[in-house]
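# A closer look at the structure
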Amino acid sequence: IGSKDHTTLVTAVKAAGLVTSLSNAGPFTVFAPTNAAFDKLPAGTLDELLKPEKKGDLENVLGYHTYVGVLKTEYMQDGQEFDMVYGGKTKTYVNGTEILASIETSNGIIHVIGDVLLSK
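Since we're looking at a predicted model, the values are computed, not measured.

Restricting attention to buried positions, one finds in helix α5 (residues 55-63) the residues L58, V61, L62 and G63. Considering only its buried residues, α5 is in contact with α1 (7-15), α4 (45-49) and β2 (66-68).

Moving on to the side chain of H65. Relative to the helices and strands, H65 resides in the loop between α5 and β2. By relative accessible area, H65 is classed as buried at 3%. Only 2.7 Å separates the side chain of H65 from the backbone oxygen of V61, close enough to count as a polar contact. Separated by 2.8 Å, the side chain of H65 and the backbone nitrogen of L117 make a polar contact. Discounting residues that sit within four places of it in the chain, H65 has contacts with T29, V30, F31, P33, M84, I113, D115, V116 and L117.

Further remarks concern the side chain of T34. Position of T34 relative to the elements: it lies in the loop between β1 (28-33) and α3 (35-39). What makes T34 buried here is its relative accessible area of 13%. In this structure T34 touches D5, H6, L100, V112, I113 and G114, once residues within four positions along its chain are discounted.

With that out of the way, let us pick up the pattern of salt bridges. A full pass over the atoms with the stated rule returns 5 salt bridges. Ionic pairing is found between K72 and E104, a salt bridge with its closest N-O pair at 3.8 Å. Remark: E104 occurs in strand β5 (residues 99-105) and K72 occurs in the loop between β2 and β3 (81-83); sequence separation between them is 32 residues. In this structure K72 comes out as partly exposed when scored by relative accessible area, which is 22%. Of the residues examined, E104 reaches a relative accessible area of 58% and is grouped as exposed.

On the surface, V68, V85 and Y86 cluster together into a nonpolar patch covering about 260 Å² of accessible area. By relative accessible area, V68 is classed as exposed at 56%.

Turning our eyes to something else, we now look at the sheet that holds β1. Hydrogen bonds along the backbone pair up the strands of a sheet, which may run parallel or antiparallel. Read across the sheet, 4 strands follow the order β2-β1-β6-β5 without closing on themselves; strand pairing throughout is mixed. Among the strands making up the open sheet, the edge pair consists of β2 and β5. Each adjacent strand pair in this sheet contributes to an overall mean axis angle of 15 degrees, direction not counted. By the bridge criterion, 6 bridges tie β5 to strand β6 (residues 108-113) in an arrangement that is antiparallel. By the bridge assignment, I103 is partnered in β6 with I110.

Rules behind the numbers
Residues numbered from 1 in each chain as written. Predicted model: local features only at pLDDT ≥ 70, side-chain atom pairs only at ≥ 80, totals over all residues. Heavy atoms only, no water. Buried < 20%, exposed > 50% of the residue type's maximum accessible area, 1.4 Å probe, protein only. Helix = DSSP H or I, 4+ residues; strand = E, 2+ residues; numbered from the N terminus. Contact = heavy atoms within 4.5 Å. Polar contact = N/O pair within 3.5 Å; in protein donor to acceptor, adjacent residues only side chain to side chain. Salt bridge = Lys/Arg side-chain N within 4 Å of Asp/Glu carboxyl O. Patch = residues over 30% accessible without salt bridge, like charges linked within 9 Å, V, L, I, M, F, W, Y side chains within 5 Å. Areas by Shrake-Rupley, 256 points an atom, 1.4 Å probe, with all protein chains shown as cover. Pairing = 2+ DSSP bridges. Axes fitted to C-alpha atoms, helices over the stretch in contact; angles between N-to-C directions.

Here it is in structure tokens:
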């Protein structure tokens, strides 16, 4: 993502070593939290996740934002659940967070969201 609203997500993807994985042919659906979404996390959470020794935890958080396949909003229905790469299922309303925009890419789709998803 080249958006100025997603610099924190890009930093996290790089720290987790997932740039190559997410650049593959896919297709992928990525629920992409904005910088403001990361700012909503409890103080210190992001700094902790960006530490090299927390790489596995960061991979899990980012994996919970990634679905293998293309989930276009017109295919989503209330109450549907989808298995994410890590962390179990997420609902089509994306666990209570609004999809702010959808961007089709060469290897899938990106849904811009206003919250960081945490598995329960």
